[in-house]
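These are the residues of each chain, in order.
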Amino acid sequence: MSEQYNLSTMPVNHQATWSGFYKKSLRERQTQLKLVFPQVFTSSTPASVYVTPDTSPCNSPISVDFSSETNDQNIHSNSVLSDNSKINYLINKLESLSTENNKQIFPINGLDESIADNMIENCIGTIGLPVGLALNFIINGKSIIIPMAIEEPSVIAGVSGAAKTISAYNGFKATTTERNTIVAQVCLLDISQENMNFAVDKIIQNKSEIIKIANKYCDNMVKRGGGVCEINVRRIPRKANRNRNNYPINSDNFMEWLVVHITIDVCNAMGANCASTVAEGVAPFLAELTGGRIGLRIVSNLNVERMSKATFRIPLHMLAYKSLSGKEVAARIIEAYEWAEVDPYRATTHNKGIMNGIDAVALATGQDWRAIEAAAHAWACDGVRIHNDNFQSSNSYGSLTTYWIEKDEQLVTTGKTDDECLMFCGELELPITVGTAGGVLKTNQVYTYNLGIMGNPNAQELAMSMVCIGLAQNFAALRALATEGIQRGHMSLHAKNVAIAAGCPTNAVTSVAQRMIEKGKITLSSAKNIIELYMNEQVNISKNLLSNSLKIEDKFEKVCENLSNSLSNQVQCNIN
Ligand code: MEV
């Protein structure tokens, strides 16, 4: 019997689809992914059990086909993947089919050495990182699961926990810039002060000619509807009082850097290579126009044209923790953020946490995470932000996130008490330059799978997911730090790493970690002691098993002997 259930019009219960995911074995999680995203993992999903997701992961499971092999009436319902027991049924079913395809290594699995060898110089191998899924995210009303590559435990648990709280209300709102642009910089040198105005005017007057020439160096972007869209000139004072006596170039007579910014619409690409090519290509023309000497020509990784913003708003009571009221927790989180606003020592750690989330998505999806990091920290500096009129803080380097409490005016009209109308709000805004086309994306299949799990986002959608992950991470960290502290939760999750580092055999890692957590001592020496005890126990268990089986064998032999004696007696009797 073959039946098709079209669920496309039904809202999918994302929470139920993924609930208990963390309790499954690695293998079961991989099987679940094959079930939920057969288009992404096509070759390894037997046709007999498949689930067809929509192109958007947010509506992933839309139809399920149970063909003759899966003829169990129990699982025939309209909400197959929104019921966890049914998912588990399908996982077991798929596992038990055990076809050759099914036995294949799951494709989110590192990088082929021969490809790696062609990617960088002096290649000697590759390095692995765990890839996990951040769950519970609802962004702009859509559910999404987000792959993260990170070696640090508790980050994925943290963001998923924060997203669960936020998504239980309205989820995250995210915005990003409409055009995907990047800036190429060309520095022009040796322009004397009296010629500076003339040089600037020349550039402004020749904008369209500059764009025309620059576009020749990014004709692929032009063909896709992008290309150079703006030319700006910046004059930046040179630092005075430098001792340039021994400089081989006499450049004392120029007081300002003349920097031309070429803004390019790079469609869905990250665009760094494109920008640098354009900068090098157009520089001779700029030099000719201005009479300047060509200086550096390179992309700028600070891209304030490509800002992404995430916000959330939840009722205060949702923050209640143990004996602490929601109001108290909210106040503590805001205090924590205010500290990070003015103390660069704290702000660096605070922002590092945000980047735990953002970098991990960047790594999983093949982005230049160094560029994203550099831009984020630049944006955390007043100089850059005040220049863009966005933040007002009195220190040099501060928090990238902002938290506040506000009244929900709509709730006020419903007659709720003042406290019930209070909302806790969080916001993260930063420049994120990413691409989902071009670059290294095609060199490593893992990026393709991870982007596939996200529903093949365009660059803007990817940036929005990343900014939400960053906000979720920071909210999770501050909530934990402001209440019970992070070490208990973190160390419990870290216990397995400590066990591995202490030389624990893979099959004993979970038990050894559990014993360390129970003892409340998660250290290398404690792990070593527990491993030794555990191994001794195992030896004793094996010895006992062996001696029991020897005893059984002994008994069995005795029984056989008795039996054979009595049989031979009987035979003897019969003969007699
Ligand atoms: C740890 O990787 C990140 C945190 O230190 C961030 C923070 O302190 O806000 C927990």
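- You'll find the chain entered in an unreviewed UniProt entry as 3-hydroxy-3-methylglutaryl coenzyme A reductase, with Glomus cerebriforme given as the organism.
- The UniProt entry for the chain carries the following comment under Subcellular location (unreviewed entry): "Endoplasmic reticulum membrane".
- Under the UniProt heading Sequence similarities (unreviewed entry), the entry covering the chain gives this text: "Belongs to the HMG-CoA reductase family."

### Here we look at the packing of helix H5 (residues 155–167) against helix H16 (residues 459–481)
Thinking step 1. The contact between H5 and H16 brings their axes to 8 Å, and the two run at 95 degrees. Between H5 and H16, the angle falls in the class roughly perpendicular. Between H5 and H16, the contacting residues are Val 155, Gly 158, Val 159, Gly 161, Ala 162, Thr 165 and Ile 166 on the first element and Ile 469, Ala 472, Gln 473, Phe 475, Ala 476 and Arg 479 on the second.
Thinking step 2. Partitioned by chemical class, the residues of the contact of H5 with H16 number 8 nonpolar, 4 polar and 1 charged.

### A closer look at the packing of helix H10 (residues 326–342) against H16
Thinking step 1. H16 packs onto H10 with a crossing angle of 110 degrees between their chain directions and a minimal axis gap of 9 Å. The pairing of H10 with H16 is recorded here as roughly perpendicular in orientation. Of the two elements, H10 crosses H16, and the hand of that crossing is right-handed. Residues Val 329, Ile 333, Ala 336 and Tyr 337 of H10 form the contact with H16, whose participating residues are Phe 475, Leu 478 and Arg 479.

### Some points on a nonpolar patch on the surface
Thinking step 1. A surface patch of nonpolar side chains, amounting to about 300 Å² of accessible area, comprises Ile 115, Met 119, Ile 120 and Val 440.
Thinking step 2. With respect to the secondary-structure elements, Met 119 resides in helix H4 (residues 113–119).
Thinking step 3. Look at Met 119 and you get partly exposed, because its relative accessible area is 32%.

### Observations concerning the pattern of salt bridges
Thinking step 1. Within the structure shown, the criterion is met by 12 salt bridges.
Thinking step 2. Between Lys 207 and Glu 230 there is a salt bridge, with its nearest N and O atoms 3.0 Å apart. With Lys 207 in helix H7 (residues 207–216) and Glu 230 in strand S8 (residues 227–237), this residue pair connects regions lying 23 residues apart in the sequence.
Thinking step 3. Given a relative accessible area of 30%, Glu 230 falls into the partly exposed group.
Thinking step 4. Lys 322 is paired through a salt bridge with Glu 484; the nearest N and O atoms lie 3.9 Å apart. Of this pair, Lys 322 sits in the loop between strand S11 (307–315) and H10 while Glu 484 sits in the loop between H16 and helix H17 (487–501), placing them 162 residues apart in sequence.
Thinking step 5. Overall, the relative accessible area of 36% leaves Glu 484 in the partly exposed class.
Thinking step 6. Salt bridges sharing common partners tie together Arg 313, Glu 406 and Asp 408.

### Describing the sheet that holds strand S7 (residues 181–189)
Thinking step 1. Reading across from one edge, S8-S9-S7-S10 is the order of the 4 strands in this open sheet, with antiparallel pairing throughout. The outermost strands of the open sheet, each flanked by one partner alone, are S8 and strand S10 (293–300). Strand-to-strand twist in this sheet, taken as the mean axis angle between neighbours without regard to direction, amounts to 20 degrees.
Thinking step 2. Pairing analysis gives 8 bridges linking S7 to strand S9 (residues 256–265), with the strands arranged antiparallel. When the bridges of S9 are listed, Cys 187 appears paired with Val 259.
Thinking step 3. Running at roughly 170 degrees to S8, helix H6 (residues 193–205) makes contact with S7, S8 and S9 of the sheet.
Thinking step 4. Running at roughly 35 degrees to S7, helix H9 (residues 272–290) makes contact with S7, S8, S9 and S10 of the sheet.

### Quick notes on the site of the ligand
Thinking step 1. Around the ligand, the surrounding shell consists of Glu 152, Arg 346, Thr 349, His 350, Lys 352, Gly 353, Asn 356, Ala 477, Leu 481 and Ile 486.
Thinking step 2. Arg 346 is positioned such that a nitrogen or oxygen atom in its side chain is 2.8 Å from an oxygen atom of the ligand.
Thinking step 3. In this structure, an oxygen atom belonging to the ligand sits 2.9 Å away from a side-chain N or O atom of Asn 356.
Thinking step 4. Listing elements by their share of the shell around the ligand, those giving two or more residues are helix H11 (344–364) and H16.
Thinking step 5. Counting residues per element, the shell around the ligand draws most heavily on H11, which supplies 6 residues.
Thinking step 6. Partitioning the shell around the ligand into residue classes produces 3 nonpolar, 4 polar and 3 charged.

### Digging into the sheet that holds strand S6 (residues 173–176)
Thinking step 1. If you walk across this open sheet you meet the 4 strands as S6-S11-S13-S12, and the pairing is antiparallel. The open sheet has two edge strands with one neighbour each: S6 and strand S12 (401–407). Here the average twist between neighbouring strands, direction ignored, is 20 degrees.
Thinking step 2. As paired elements, S11 and strand S13 (residues 422–431) share 9 bridges and run antiparallel to each other. When the bridges of S13 are listed, Thr 311 appears paired with Glu 427.
Thinking step 3. The strands touched by H10 are S12 and S13; relative to S12, the strand with the most contacts, the crossing angle is about 145 degrees.

Reading guide: rules and limits
Residues numbered from 1 in each chain as written. Predicted model: local features only at pLDDT ≥ 70, side-chain atom pairs only at ≥ 80, totals over all residues. Heavy atoms only, no water. UniProt positions renumbered as here; feature names shortened; annotations may be inferred. Axes fitted to C-alpha atoms, helices over the stretch in contact; angles between N-to-C directions. Helix = DSSP H or I, 4+ residues; strand = E, 2+ residues; numbered from the N terminus. Parallel < 35°, antiparallel > 145°, perpendicular 65-115°, else oblique. Contact = heavy atoms within 4.5 Å. Nonpolar A, V, L, I, M, F, W, Y, C, P; charged D, E, K, R; others polar. Left-handed = near helix turned anticlockwise from the far one by under 90°. Patch = residues over 30% accessible without salt bridge, like charges linked within 9 Å, V, L, I, M, F, W, Y side chains within 5 Å. Areas by Shrake-Rupley, 256 points an atom, 1.4 Å probe, with all protein chains shown as cover. Salt bridge = Lys/Arg side-chain N within 4 Å of Asp/Glu carboxyl O. Buried < 20%, exposed > 50% of the residue type's maximum accessible area, 1.4 Å probe, protein only. Pairing = 2+ DSSP bridges. Near = heavy atom within 4 Å. Polar contact = N/O pair within 3.5 Å; in protein donor to acceptor, adjacent residues only side chain to side chain.

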